[in-house]
Amino acid sequence: QVRPVESGGGLVQPGGSLRLSCTASGRTFSGYAMGWFRRAPGPEREFVAAISGGATYYADSVKGRFAISRNNAQNTIYLQMNSLKPEDTAVYYCAPKVASGSYHMPSAYNYWGPGTQVTVSS
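The rules behind the values
- Residues numbered from 1 in each chain as written.
- Predicted model: local features only at pLDDT ≥ 70, side-chain atom pairs only at ≥ 80, totals over all residues.
- Heavy atoms only, no water.
- Salt bridge = Lys/Arg side-chain N within 4 Å of Asp/Glu carboxyl O.
- Helix = DSSP H or I, 4+ residues; strand = E, 2+ residues; numbered from the N terminus.
- Buried < 20%, exposed > 50% of the residue type's maximum accessible area, 1.4 Å probe, protein only.
- Pairing = 2+ DSSP bridges.

**Student:** Give me the lowdown on the pattern of salt bridges, citing residues and values where you can.
**Tutor:** Two side chains with opposite charge may pair up if their charged atoms get near one another. As enumerated under the stated definition, the model contains four salt bridges in all. D88 is the salt-bridge partner of R38, the closest N and O atoms lying 2.9 Å from each other. A residue pair is termed long-range when its members are at least 10 positions apart, and R38 in strand β4 (residues 34-39) and D88 in the loop between β8 (76-81) and β9 (90-96) qualify at 50 residues. For R38, a relative accessible area of 5% gives the class buried. D88 is paired through a salt bridge with R65; the nearest N and O atoms lie 2.8 Å apart. With D88 in the loop between β8 and β9 and R65 in the loop between β6 (55-58) and β7 (66-71), this pair connects stretches of sequence that are 23 residues apart. As far as burial versus exposure is concerned, D88 and R65 are alike and both buried. A single network of salt bridges, built from pairs that share partners, joins R38, E46, R65 and D88.

Structure, rendered in structure tokens:
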């Protein structure tokens, strides 16, 4: 199965910005809702944001700071992250939503990418 690949992570100081990208060659995700999740050290993925058609959804912890968008012509999903905090440090993943259920539930998504590390530290 073709999986998306995330990029754009790195080390940034608190208050800084990063833009993550998620793309897949050989497969289009334009017909799917797409989500961004993150995992700090530990087993659980935490919902960050999702996009479905013209609708966007955000975790309370990132609302007003992060913005999800997509460019179907480029088969790419973006996550613009502003005003970053140390607690945003995690590996960030994107995936298509392939099952019914809440946008916040990792179990509704599949074909996870390998992730991109975001570290917010001074």
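**Student:** So what's going on with the pairing of β7? Which residues, and what values?
**Tutor:** Residues F66, I68 and R70 of β7 are buried on one face, while the alternating residues A67, S69 and N71, pointing to the opposite face, are not. Linkage of β7 to β8, two consecutive antiparallel strands, is achieved through a turn of four residues, within which N75 is found at a positive phi near 55 degrees.

**Student:** Can you break down the pairing of β8 residue by residue, with the values?
**Tutor:** Within β8, five of the six residues are buried, which leaves the element mostly enclosed by the surrounding structure. Inspection of the sheet shows strand β3 (residues 18-23) paired to β8 by six bridges, in the antiparallel sense. Of the residues in β8, the one forming a bridge with S21 is Y78. Relative to β8, β7 runs antiparallel, the two being bridged by six bridges. Opposite R70, over in β8, you have I77 as the bridge partner.

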